[in-house]
Amino acid sequence: MNRKIKILAVSGSLRATSTNSLLVKEVQKWAPSNVEITIYQGLATLPAFDDQEPTEAVISWRQQLADADGILICSPEYAFGVPGTLKNAIEWTVRSGELVNKPLALITAASSGDKAHAAWLQIFSALSSDIPAGGALLIPFIRTKFNENGEVSDAATKEAILNTLQALIQTIDQKASAVDQ
Ligand SMILES: Cc1cc2nc3c(=O)[nH]c(=O)nc-3n(C[C@H](O)[C@H](O)[C@H](O)COP(=O)(O)O)c2cc1C
């Protein structure tokens, strides 16, 4: 691709001390020089999904998804499931289809997280999002993986995240080359 690859990173948590929001900031710092990672900031502005005309916030959310070459989702597990705020945001795309065939990497970071991870995989499969091999990562015990500066201090976790990011970048690259041919 002869321009920077654009990835939109979305944290599924609104908590001020969110580990998932720390994760997207870390991944943004680790992006290779040919990749630009933008962090979606509008999650709290999205109204509850309904059948009415989309608000400005919804239009902007859909546009940011459409403009990105790939999406990185970092999600917690709350109450044995996916977080409601992010699920609501995804519901706004079901009819408009921004995530159909979209390269997408999923990181579920929680205390355990297995239920939310499985649910997200089912949801993104139903939406026909393109999660590549190696593009889905479950990080349990997430709070133990950071140091006091909010940096990922666990080397194995950092490596696993970088591999997940790489899988996303690779699939974006492959799609771009297929279009160029
Ligand atoms: C309301 C709430 C519910 C939670 N429920 C679960 C759960 O069902 N499973 C789990 O693995 N962790 C659960 N946790 C722990 C979170 O996974 C952990 O705090 C994680 O850091 C949350 O991500 P965040 O910091 O990005 O919000 C819960 C935390 C909160 C605040």
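The rules behind each value
Residues numbered from 1 in each chain as written. Predicted model: local features only at pLDDT ≥ 70, side-chain atom pairs only at ≥ 80, totals over all residues. Heavy atoms only, no water. 1 Å grid on protein atoms, 1.4 Å probe; cavity = no way out; pocket = protein on both sides within 12 Å on 5 of 7 lines; lining within 4 Å. Points joined across faces, edges and corners; volume = space filled by probe spheres on them. Helix = DSSP H or I, 4+ residues; strand = E, 2+ residues; numbered from the N terminus. Nonpolar A, V, L, I, M, F, W, Y, C, P; charged D, E, K, R; others polar. UniProt positions renumbered as here; feature names shortened; annotations may be inferred. Buried < 20%, exposed > 50% of the residue type's maximum accessible area, 1.4 Å probe, protein only. Near = heavy atom within 4 Å. Polar contact = N/O pair within 3.5 Å; in protein donor to acceptor, adjacent residues only side chain to side chain. Areas by Shrake-Rupley, 256 points an atom, 1.4 Å probe, with all protein chains shown as cover. Pairing = 2+ DSSP bridges. Axes fitted to C-alpha atoms, helices over the stretch in contact; angles between N-to-C directions. Contact = heavy atoms within 4.5 Å. Salt bridge = Lys/Arg side-chain N within 4 Å of Asp/Glu carboxyl O. Right-handed = clockwise from strand over helix to strand, strands pointing away.

The protein chain is annotated in an unreviewed UniProt entry as NAD(P)H-dependent oxidoreductase of Niastella soli.

**Re the layout of surface pockets**
Roughly 210 Å³ of volume is contained in the largest pocket. Along its surface, the largest pocket is lined by S11, S13, L14, R15, S21, V24, K25, I39, Y40, Q41, L43 and A44. The element best represented in the lining of the largest pocket is helix α1 (residues 19–30), accounting for three residues. The residue makeup of the lining of the largest pocket, split by class, is six nonpolar, four polar and two charged.

**So, the UniProt feature "domain: NADPH-dependent FMN reductase-like" (unreviewed entry) in the protein chain**
The residues that UniProt annotates with the feature "domain: NADPH-dependent FMN reductase-like" (unreviewed entry) are residues 5–136. The straight-line gap between the two end C-alpha atoms of residues 5–136 is 19 Å; of that span, 34% is helix and 19% is strand.

**Notes on unusual backbone geometry**
With glycine set apart, most residues show a phi of negative sign, and most peptide bonds adopt trans. Within the chain, F80 stands out as a residue other than glycine whose phi angle is a positive 65°. With respect to the secondary-structure elements, F80 resides in the loop between β3 (70–75) and α3 (84–91). Its relative accessible area of 65% is what places F80 among the exposed residues.

**Brief notes about the site of the ligand**
Near the ligand lie 16 residues; those nearest to it are S18, E77, Y78, F80 and S112. R15 is positioned such that a nitrogen or oxygen atom in its side chain is 2.7 Å from an oxygen atom of the ligand. Take E77: an N or O atom from its side chain is 2.7 Å from a nitrogen atom of the ligand. In isolation the ligand exposes 610 Å². Once the protein is present, 75% of that is buried.

**Comments concerning the sheet that holds strand β5 (residues 136–139)**
Taken together, five strands build an open sheet; the order of strands is β2-β1-β3-β4-β5 and the sheet is parallel. Only two strands of the sheet have a single partner each, and these edge strands are β2 (35–39) and β5. Recorded for the sheet is a direction-independent mean angle of 15° between the axes of neighbouring strands. Judged from the five bridges that link them, strand β1 (residues 5–11) and β3 form a sheet pairing that is parallel. The residue of β3 that forms the bridge with I7 is G70. Contacting β1 and β3, helix α2 (residues 56–67) crosses the sheet at an angle of about 135° to β1.

**Some thoughts on the pattern of salt bridges**
Counting across every chain of the model gives six salt bridges. D69 is the partner of R3 in a salt bridge, and the nearest nitrogen-oxygen pair spans 2.8 Å. You can see R3 sitting in the segment before β1 and its partner D69 sitting in the loop between α2 and β3, a full 66 residues away along the chain. Relative accessible area serves as the criterion here: at 41%, R3 is assigned to the partly exposed category. Using a relative accessible area of 14% as the deciding quantity, one classes D69 as buried. D114 serves as the salt-bridge partner of K115, at 3.7 Å between the closest nitrogen and oxygen. For K115, a relative accessible area of 38% gives the class partly exposed. For D114, a relative accessible area of 40% puts it in the partly exposed group.

**Observations concerning the pairing of β3**
Burial runs high along β3: six of the six residues are buried. Side-chain alternation along β3 places G70, L72 and C74 on one buried face and I71, I73 and S75 on a second face that is also buried. Bridge count between β3 and strand β4 (residues 104–109): five bridges; the pairing is parallel. Its bridge partner lying in β4, L72 is registered against A105. This β-α-β element, β3 to α3 to β4, shows right-handed connectivity.

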